[in-house]
Amino acid sequence: MESKLALSEKRIERARELAKRIVSPVQDFIAEHTTVTVERATLRLAGADGADVDGVPVPNLIVDQLKSKLENGAVTYYVNALLKTGESVDGLNRKIAEGMKIADLPLGDKMAIDRKAQELVRSFSVRVKRNRAHREAKLKQFEGRNTSPLLYVIVATGNIHEDVKQAQAAAGQGADVIAVIRTTAQSLLDYVPYGATIEGFGGTYATQENFRIMRAALDEVVEREQRYIYLTNYASGLCMPEIAAMGALERLDMMLNDSMYGILFRDINMYRTFVDQKFSRMINAFAGVIINTGEDNYLTTSDAVEKAYTVLASQFLNERFAFEAGLPAKLMGLGHAFEMNPTLKNGFLFELAQAQMAREIFPEAPLKYMPPTKFMTGDIFKGQVQDALFNFVSKVTNQGIHLLGMLTEAIHTPFMMDRSIALENAKYVFNNIEDLAGEIEFKKDGLIVRRAQQVLEETVAFMETVDKVGLMPAIEQGQFADIKRPRDMGKGLDGLVKKGPEYYNPFESYLKNELGLEG
Amino acid sequence: MIIRPYGDTLDDGAVQLSFTLPVPDGPKGREAARLFVEKLGFKHTEITHSHALAEGFSFYVAYGKTETSIDFDTVRIKEATGDKVYSMDEACEVIKEKIGRKVVVVGACTGFDAHTVGIDAIMNMKGYNHHYGLERYSEIEAYNLGAQVPNEKLIDYAVKVKADAILISQIVTQKDVHIQNLVEFIELLQAKGLREKFIVCVGGSRIGNQLAVELGYDGGFGKGTYADHVATFIVDRVIEQKVAR
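Note that the coordinates shown come from a computational prediction; the quantities given were computed from them, not determined experimentally.

**Thoughts on the overall build of chain B**
Stage number 1. If you tally the helices and strands in chain B, you get 7 helices and 10 strands.
Stage number 2. For 245 residues, the compact-globule formula gives about 18 Å, and the C-alpha radius of gyration of chain B, at 23 Å, lies well above that figure.
Stage number 3. Viewed in the frame of its principal axes, chain B has a C-alpha envelope of about 70 × 45 × 35 Å.
Stage number 4. Taken over 245 residues, chain B has a buried fraction of 44%.

**Concerning the sheet that holds strand β7 (residues 332–333) of chain A**
Residue and element names in this part refer to chain A.
Stage number 1. Spatial ordering of the open sheet is given by β7-β6-β5-β4-β3-β2-β10-β9-β8, a layout of 9 strands whose pairing is parallel. The open sheet has two edge strands with one neighbour each: β7 and β8 (335–337).
Stage number 2. Examined bridge by bridge, strand β9 (residues 368–370) and strand β10 (residues 401–403) share 2 bridges and lie parallel to one another. From the neighbouring strand, Tyr-369 faces β10, where its bridge partner is His-402.

**Quick notes on the nonpolar core**
Stage number 1. Of all hydrophobic cores here, the largest spans 174 residues; its most connected members are Met-260, Phe-274, Leu-471 and Phe-480 of chain A.
Stage number 2. Among the elements that line this core, the one with the most residues is helix α11 (residues 270–287) of chain A, at 10 residues.
Stage number 3. Not counting residues within four places of it along the chain, the set of residues in contact with Phe-480 of chain A comprises Met-260, Leu-264, Tyr-298, Leu-317, Phe-462, Val-466, Leu-471, Ala-474 and Ile-475 of chain A.
Stage number 4. Ranked by size, the runner-up nonpolar core spans 29 residues in total, among them Met-88, Val-105, Phe-221 and Ile-239 of chain B.

**Re the packing of helix α2 (residues 36–46) of chain A against α11 of chain A**
Any two packed helices are characterised by the angle at which their axes cross and by the distance between the axes.
Residue and element names in this part refer to chain A.
Stage number 1. At a closest axis distance of 9 Å, the pairing of α2 and α11 adopts a crossing angle of 20°. The pairing of α2 with α11 is recorded here as roughly parallel in orientation. Contact residues: Val-36, Thr-37, Val-38, Arg-40, Ala-41, Thr-42 and Leu-45 in α2; Arg-272, Val-275, Asp-276, Phe-279 and Ile-283 in α11.
Stage number 2. Broken down by class, the residue content of the contact of α2 with α11 amounts to 7 nonpolar, 2 polar and 3 charged.

**Here we look at the layout of surface pockets**
In this approach a probe as big as a water molecule rolls over the atoms, and the regions it shows empty are the leftover space.
All names here are of chain A.
Stage number 1. Roughly 670 Å³ of volume is contained in the second largest pocket.
Stage number 2. In terms of lining, the second largest pocket is formed by 28 residues, of which the most central are Leu-139, Tyr-230, Ile-290, Lys-330 and Leu-331.
Stage number 3. It is helix α6 (residues 110–141) that provides the largest number of residues to the lining of the second largest pocket, a total of 5 residues.

**As for helix α7 (residues 227–244) of chain B**
Stage number 1. For α7 of chain B, built from 18 residues, the straight-helix expectation of 26 Å at 1.5 Å per residue is met to within 8% by its first-to-last C-alpha distance of 26 Å.
Stage number 2. Within α7 of chain B the residues assigned to the buried category are Ala-227, Asp-228, Val-230, Ala-231, Thr-232, Phe-233, Ile-234, Val-235, Val-238 and Ile-239 of chain B.

**Digging into the pattern of salt bridges**
One side chain can pair with another of opposite charge once the charged atoms of both are near each other.
Residues and elements named next belong to chain A.
Stage number 1. In total, this model carries 47 salt bridges over all chains according to the counting rule given.
Stage number 2. Where Asp-219 meets Arg-215, a salt bridge forms, and the shortest distance between an N and an O atom there is 3.2 Å. Pair noted here: Asp-219 and Arg-215 are both in helix α8 (residues 208–225), with a separation of 4 residues, about one helical turn.
Stage number 3. Residue Arg-215 is classed as buried on the basis of its relative accessible area, which comes to 4%.
Stage number 4. When salt bridges with common partners are traced through the structure, they connect Arg-40, Arg-44, Asp-190, Glu-242, Arg-272 and Asp-276 into a single cluster.

**Looking at a nonpolar patch on the surface**
All names here are of chain B.
Stage number 1. Residues Met-1, Ile-3, Ile-70, Phe-72 and Val-75 make up a contiguous nonpolar surface patch of about 460 Å² in total accessible area.
Stage number 2. Among the secondary structure elements, Ile-70 is positioned in strand β5 (residues 70–71).
Stage number 3. Using a relative accessible area of 47% as the deciding quantity, one classes Ile-70 as partly exposed.

**Concerning the interface of chain A and chain B**
Stage number 1. Taken together, the contacts link 32 residues of chain A with 28 residues of chain B.
Stage number 2. Here chain A meets chain B over a buried area of about 2300 Å², counting both sides, of which 54% is carbon and sulfur.
Stage number 3. On the chain A side of the interface with chain B, the three residues burying the most area are Thr-184, Phe-201 and Met-417 of chain A, jointly 24% of the side's total.
Stage number 4. Counting the contacts that link chain A with chain B gives 0 salt bridges.
Stage number 5. Where chain A touches chain B, the interface holds 5 residue pairs in polar contact (both at pLDDT 80 or more).
Stage number 6. The leading source of residues in the side of chain A that touches chain B is helix α16 (residues 416–432) of chain A, at 4 residues.
Stage number 7. For the side of chain A that touches chain B, the residue count by class is 13 nonpolar, 14 polar and 5 charged.

**Side note on the packing of aromatic side chains**
Where two aromatic rings form a pair, the distance of their centres and the angle of their planes describe that pair.
Residue and element names in this part refer to chain B.
Stage number 1. Scanning the model with the defined rule gives 22 aromatic pairs over all chains in all.
Stage number 2. Summarising the aromatic geometry, the rings of Tyr-143 and Tyr-157 are spaced 5.7 Å apart at their centres and angled 65° between planes, so their arrangement reads as edge-to-face. Linking Tyr-143 in strand β7 (residues 140–144) with Tyr-157 in helix α4 (residues 151–160), this pair joins segments that are 14 residues apart in sequence.
Stage number 3. Judged by its relative accessible area of 24%, Tyr-143 is partly exposed.
Stage number 4. By relative accessible area, Tyr-157 is classed as partly exposed at 23%.

**So, empty space enclosed by the protein**
Residue and element names in this part refer to chain A.
Stage number 1. In this structure the tally under the stated criterion is 2 cavities of 30 Å³ or more.
Stage number 2. As a volume, the largest cavity reaches approximately 90 Å³.
Stage number 3. Contributing to the lining of the largest cavity are Leu-299, Ala-308, Val-311, Gln-315, His-336, Ala-337, Glu-351, Gln-354, Ala-355, Met-357, Ala-358 and Tyr-369.
Stage number 4. Of all the elements in the fold, those that place two or more residues in the lining of the largest cavity are α13 (308–324), β8 and α14 (347–361).
Stage number 5. Ranked by the residues each element gives to the lining of the largest cavity, the list is headed by α14, at 5 residues.
Stage number 6. Classifying every residue of the lining of the largest cavity by side-chain character gives 8 nonpolar, 3 polar and 1 charged.
Stage number 7. Taken as a whole, the second largest cavity spans an internal volume of roughly 50 Å³.
Stage number 8. What lines the second largest cavity is simply Ile-160, Val-180, Tyr-205, Ala-206, Asn-210, Phe-211, Met-214, Leu-231, Thr-232, Asn-233 and Leu-252.
Stage number 9. Elements with a minimum of two residues in the lining of the second largest cavity: α8 and β4 (230–234).

**So, the domain arrangement of chain B**
Stage number 1. Along its sequence, chain B is carved into domain 1 (2–70) and domain 2 (88–244).
Stage number 2. Averaged C-alpha coordinates put domain 1 of chain B and domain 2 of chain B at centres separated by 40 Å.

**Section: the environment of Lys-427 of chain A**
Residue and element names in this part refer to chain A.
Stage number 1. With respect to the helices and strands, the residue Lys-427 is situated in helix α16.
Stage number 2. Separated by 219 residues in sequence, Lys-427 and Gln-208 have C-alpha atoms that sit 33 Å apart.
Stage number 3. In this structure Lys-427 touches Leu-151, Gln-173 and Gly-174, once residues within four positions along its chain are discounted.

Reading the values: rules and limits
- Residues numbered from 1 in each chain as written.
- Chains lettered and ligands numbered in written order.
- Predicted model: local features only at pLDDT ≥ 70, side-chain atom pairs only at ≥ 80, totals over all residues.
- Heavy atoms only, no water.
- Helix = DSSP H or I, 4+ residues; strand = E, 2+ residues; numbered from the N terminus.
- Rg over C-alpha atoms; globule rule 2.2 N^0.38 Å.
- Buried < 20%, exposed > 50% of the residue type's maximum accessible area, 1.4 Å probe, protein only.
- Pairing = 2+ DSSP bridges.
- Core = buried A, V, L, I, M, F, W, Y, C linked by side-chain atoms within 4.5 Å.
- Contact = heavy atoms within 4.5 Å.
- Axes fitted to C-alpha atoms, helices over the stretch in contact; angles between N-to-C directions.
- Parallel < 35°, antiparallel > 145°, perpendicular 65-115°, else oblique.
- Nonpolar A, V, L, I, M, F, W, Y, C, P; charged D, E, K, R; others polar.
- 1 Å grid on protein atoms, 1.4 Å probe; cavity = no way out; pocket = protein on both sides within 12 Å on 5 of 7 lines; lining within 4 Å.
- Points joined across faces, edges and corners; volume = space filled by probe spheres on them.
- Expected span 1.5 Å × (residues − 1).
- Salt bridge = Lys/Arg side-chain N within 4 Å of Asp/Glu carboxyl O.
- Patch = residues over 30% accessible without salt bridge, like charges linked within 9 Å, V, L, I, M, F, W, Y side chains within 5 Å.
- Areas by Shrake-Rupley, 256 points an atom, 1.4 Å probe, with all protein chains shown as cover.
- Buried area = accessible area lost by both parts, 1.4 Å probe.
- Polar contact = N/O pair within 3.5 Å; in protein donor to acceptor, adjacent residues only side chain to side chain.
- Phe/Tyr/Trp six-rings, centres within 6.5 Å; stacked < 30°, edge-to-face > 60°.
- Domains from an automatic or database assignment.

See the structure below:
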């Protein structure tokens, strides 16, 4: 792609080099650790599922039983129990839910455990590869039927069955991507609830059964509309890798998944997050799931002009963390947002500059572009115009995933008609300027070109300082989003476990091998 | 003075509406929509647009004229602050002159609510829409505890820093989850015998002063509120308390 902004290749390269240096020591830390949710995710991949009478999920029951034995990896004990009891996976799950203790069963022959574990790895692999193949086949069958950028809308009723109605309606109206927003507290739960749920606040619980219900509902629409509908959820919070595991099994297509969001915006411990994000991303990579990163959050807490460089720096870091987990660029929905104050003179030019800059720096990434939210006021008429400008920038800079702005943002979670109005707005703008991107060049040394170059320079300067102090100290000092997060504070730290010399996780080994990762 | 909505002629009572009906789009749906608008009391009703939203759902834009009126002179507002709102500098001047020490404010988004946007708009240095937040006020000591703060923790913190005022933000209001949380906070404060110790305010896009007062708060702040409004309310209340003592 030719550059319209005359961005310096050398400076972009320097930023990538810095990202690699910044992320590298964190990778060393990650390699030596596991967490309760990494172990539970592994158990889920092996088939652990269900819950006891109090609703405690089977993967949690197992991990809670293991305590200090967790340093050996939970799979050993799960597989050992399968062999010792002669049960099927379902049978063993039921027994554990009924109170069976598997931690104290004498450990059998290691070779036998490994043989059985490899069987489970194979059935996981077959299931996820089948999901991938199905998605790829449908995308090919209905090629050219999706809008570009992909039109992404949110449903958030709290009741999965109501979500289904809203999602099917939105997909019928032209949405390409349906995200089911999670209930507001879920990111801080250290377990994933079980079964279909009908109550949530500001969203719906992410559960494997809810995933399955929504997937089936959208697959109906896929056939009716002859268009693939991407299903999205949140592999974030304290159960990042478990949600990724569930998504891989139930064929979700996108996951919100950021390497630092939980640390900064949810006060989750940084060690915990770094370990969790890696395993979650390995699962996403293997399942062909597009991650959506959360850079828009930097701009809802800070100014979109002054702090534009924090977005680009975070994109470089997210990209590096993702590469380290085996994700190819085409699965990286790096985030950014249209969040400048609408009263700003020439604000539109700056938005255009930053969106085009992201496009040129990450040419293969399906960039996730977020709509105005912070400056939406309740004046729905103005909101509709703000959204139209956002739609224009997104199309003319070829963004990948376009989260539709709602004219009723800041008033309520979207009504059915709000989504329809938003979709009509976007389709109108996109169609009207379909080929405009190819017609546009920017004035050399004009406002737009200079703005983009300035943000890149600020980004490199910022990353140089982060490289000097190190990523973890930089986060402790509040260099990201002005939020200070000490490394030994935050939620979920007690779930961090140093891997023992006997640590065994054949799923992790399998994923590494498949993804071409070292070690 | 008797008033009605104004379209292009005084007292024409013109109103625009839009809504969804759970029926298919078509002549019957449009007539149902028109009759519905008539039933609301509108005359000269017109459905200017309709389209299908999904199987069994349709969207309508409607216009009508109403004879309903309001006597403007009898209207009483229920805002926490009156017409006089201090600017940041004015507020700091008043604190220096009439209070003579820094005013301490603790704020948080409480319960399960994870949205800091409201409390940040009021408290963060940067503020919102060119209105600086309370952290910027030289005469205010502001502590923003962020989101998902338990009520108990917020109270403990307010006691620790000897706060004059506690600010609570509630953004998520689905199924009235905020009401429950707000009531619990006041009850907890009362149980500890601390209700009179603090000026307690709540804010959020769906919060009004009336609701706040009903729930036992001193003031409530909804849409269009900036730090200026909140600071004005707190400063005036602190002065009132000082005079009362």
